[in-house]
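Spelled out from the first residue to the last, the chains are:
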Amino acid sequence: MKKFILLLIVASSPCFAQYTPATPGQNEPVEPFRIIGNLYYVGANEVTSYLITSPEGHILLDGGFPETAPLIERNIQKLGFKLTDVKILISTHAHYDHAGGLAELKRATGAKFYASAADQPLLAAGGKGDFAFGDRFLFPPVTADATVEDGQVIRVGSAEMHAHLTPGHTKGCTTWTADVVEDGEKHTAVFVCSVSAPGYKLVNNAKYPGIVEDYRQTFKKLRALAADVFLGSHASFWDMEGKRKKIGSGANPFIDPAGYKAFLDENEKEFEAELKKQKAGK
Ligand SMILES: [Zn+2]
């Protein structure tokens, strides 16, 4: 009986019940850590979140699943930063595993939320009407306070994030870069939005007619970025687990330009192979 009541409470929980639950194994807590310069990791084991800090305030990138928001909040505080010092919230793309926690994080920090024009409607609709998934993956809606344009620099004090529109995975998918200095050397970190096309219709897609051209332009654009610190919206993109273990044993393990190039090579090959398959009618 007790068990039954508990089940009822969980099922009718007003916060998350109507939203897509976190994917098992992707929302495990992770100790927050410094990546390089003023960049910190504050996300879960697979869905990522990053804090870009300055003495004047911080920028926070991505919110994971709805259930990731409390983990992110705890991680920011564990590092000794204040939630209310997060002045701007930004996102890679309007999918439930990265935008799910944004509404709560916006509430908890009081930050202004900046998003690309093409992703804003999907963010405000909580994932409803996605060109590929329809209403399947829903998250708490979050309204943007300002629009991010291609090439725009978002600033809080000396913390800066550069926006690069890289559409395809979503129509407003945004890749970010940040210039950092460590041991007197300059580096550029790239936070890749995503270049996967999970089950997407690439040929004659009435809901996204320019999808193939967008992906091809995005690959080109990502290759042109002179980035050497490789990061992204999923920890598995950049082997966070493997690299974390190497912290403190020699060079900064997150400096990995070859890993970034290999990631693009592999994903582009996969994309072109899928396109070929779909064109052949398979
Ligand atoms: Zn996605």
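Each value, and the rule that gives it
- Residues numbered from 1 in each chain as written.
- Predicted model: local features only at pLDDT ≥ 70, side-chain atom pairs only at ≥ 80, totals over all residues.
- Heavy atoms only, no water.
- Axes fitted to C-alpha atoms, helices over the stretch in contact; angles between N-to-C directions.
- Helix = DSSP H or I, 4+ residues; strand = E, 2+ residues; numbered from the N terminus.
- Parallel < 35°, antiparallel > 145°, perpendicular 65-115°, else oblique.
- Left-handed = near helix turned anticlockwise from the far one by under 90°.
- Contact = heavy atoms within 4.5 Å.
- Nonpolar A, V, L, I, M, F, W, Y, C, P; charged D, E, K, R; others polar.
- Pairing = 2+ DSSP bridges.
- Donors = N, O, S within 2.8 Å, 3.2 Å for Na, K, Ca; no water.
- Buried < 20%, exposed > 50% of the residue type's maximum accessible area, 1.4 Å probe, protein only.
- Core = buried A, V, L, I, M, F, W, Y, C linked by side-chain atoms within 4.5 Å.
- Salt bridge = Lys/Arg side-chain N within 4 Å of Asp/Glu carboxyl O.

1. A few points about the packing of helix H2 (residues 69-78) against helix H4 (residues 102-109)
Here comes step 1: Packing of H2 against H4 leaves a shortest axis separation of 9 Å and a crossing angle of 40°. When the axis of H2 is compared with that of H4, the two are oblique. Our pair here, H2 against H4, has a crossing hand that is right-handed. Across from Ala69, Ile72 and Glu73 in H2, the residues of H4 making contact are Glu104, Leu105 and Ala108.
Here comes step 2: In the contact of H2 with H4, the residues fall into four nonpolar, no polar and two charged.

2. Let's talk about the sheet that holds strand S7 (residues 146-148)
Here comes step 1: If you trace the seven strands from one edge of the open sheet to the other, you get S1-S2-S3-S4-S5-S6-S7, paired in mixed fashion. Among the strands making up the open sheet, the edge pair consists of strand S1 (33-36) and S7. Neighbour-to-neighbour, the strand axes of this sheet turn through a mean angle of 30°, independent of strand direction.
Here comes step 2: Where strand S5 (residues 86-90) and strand S6 (residues 112-116) come together, three bridges link them in parallel fashion. Within S6, the residue paired with Ile88 across the bridge is Lys112.
Here comes step 3: With respect to the sheet, H4 is in contact with strand S4 (58-61), S5 and S6, its orientation differing from that of S5 by roughly 165°.

3. Quick word on the coordination of the zinc ion
Here comes step 1: In this structure, His93 (NE2), His95 (ND1) and His169 (NE2) serve as the protein donors to the zinc ion, at separations of 2.2 Å.
Here comes step 2: Along the chain, the residues donating to the zinc ion are arranged with the sequence spacing H-x1-H-x73-H. Grouping residues by exposure puts His93 and His95 together as buried.

4. As for the nonpolar core
Here comes step 1: Residues Ile35, Leu39, Tyr50, Met161, Trp176, Phe191 and Tyr260 are the most contacted members of the largest nonpolar core, which totals 51 residues.
Here comes step 2: Residues Phe65, Leu71, Phe81 and Ala99 belong to the second largest nonpolar core, which totals 28 residues.

5. A look at the packing of helix H6 (residues 211-224) against helix H8 (residues 257-279)
Here comes step 1: Taken N-terminus to C-terminus, the directions of H6 and H8 make an angle of 165°; their axes are 11 Å apart at the nearest point. Judged on the interaxial angle alone, H8 and H6 are roughly antiparallel. By crossing handedness, the relation of H6 to H8 is classed as left-handed. Across from Val212, Tyr215, Arg216, Phe219, Leu222 and Arg223 in H6, the residues of H8 making contact are Tyr260, Leu264, Asp265, Asn267, Glu268, Phe271, Glu272 and Leu275.
Here comes step 2: Taken together, the residues of the contact of H6 with H8 break down into eight nonpolar, one polar and five charged.

6. Some thoughts on the pattern of salt bridges
Here comes step 1: By the definition in use, this model includes 13 salt bridges.
Here comes step 2: Notably, a salt bridge pairs Glu160 with Arg155, separated by 2.7 Å at the nearest N-O pair.
Here comes step 3: Here Arg244 ties to Glu241 by a salt bridge, and the two come within 3.7 Å at their closest N and O atoms. With Arg244 and Glu241 both in helix H7 (residues 240-244) and three residues apart, this pair spans about one turn of that helix.
Here comes step 4: With relative accessibility at 39%, the residue Glu241 sits in the partly exposed group.
Here comes step 5: A single salt-bridge network, built from bridges that share partners, covers Arg223, Lys261, Asp265 and Glu268.

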